[in-house]
Amino acid sequence: MGNKRRKVNSKKRIRNNYVLGITSGVLIGLLFGLASDNLIPSLVVCGLLGFGMGYAINRTING
């Protein structure tokens, strides 16, 4: 029973890491986009970079 709970918590942790990375990337993209008048490309690029940041966070935590 405890093993199933650990698996579910692990999946939630992974999802939260990606959400954290993407959200921070989109917020930074919004800031850069408003500053440079290129909102859409900035959001796309920073969102993808945020996805990579979520992956890096996940790999750092899990080793």
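Structure's up top.
A. Quick look at the overall build of the protein. Across its full length, the protein carries 2 helices and 0 strands. For the protein, the C-alpha radius of gyration of 15 Å lies well beyond 11 Å, the compact-globule estimate for 63 residues. Dimensions of the protein, computed from C-alpha atoms along their principal axes, come out at roughly 55 × 20 × 10 Å. Pairs at least 24 apart in sequence give 58% of the contacts found in the protein among residues at least 6 apart.

B. Molecular detail of the packing of aromatic side chains. Throughout the structure, instances matching the rule amount to 1 aromatic pair. Considering the side-chain rings of Y18 and F51, the 5.1 Å spacing of their centres and the 20° angle between planes classify their relative orientation as stacked. In this pair, Y18 sits in helix α1 (residues 2-36) while F51 sits in helix α2 (residues 39-62), placing the two residues 33 residues apart along the sequence. Judged by its relative accessible area of 18%, Y18 is buried. On the basis of relative accessible area, F51 is assigned to the partly exposed category, the value being 45%.

C. The arrangement of unusual backbone geometry in detail. Notably, D37 is not glycine yet its phi reads approximately 60°, a positive angle. Within the element layout of this structure, D37 appears in the loop between α1 and α2. By relative accessible area, D37 is classed as exposed at 69%.

D. Looking closely at the environment of A56. With respect to the helices, strands and loops of the structure, A56 is situated in helix α2. When the C-alpha positions of A56 and S10 are compared, they lie 16 Å apart, and in sequence the two are 46 residues distant.

What counts and how
Residues numbered from 1 in each chain as written. Predicted model: local features only at pLDDT ≥ 70, side-chain atom pairs only at ≥ 80, totals over all residues. Heavy atoms only, no water. Helix = DSSP H or I, 4+ residues; strand = E, 2+ residues; numbered from the N terminus. Rg over C-alpha atoms; globule rule 2.2 N^0.38 Å. Contact = heavy atoms within 4.5 Å. Phe/Tyr/Trp six-rings, centres within 6.5 Å; stacked < 30°, edge-to-face > 60°. Buried < 20%, exposed > 50% of the residue type's maximum accessible area, 1.4 Å probe, protein only.

Don't take any of this as a statement about function, it's just geometry.
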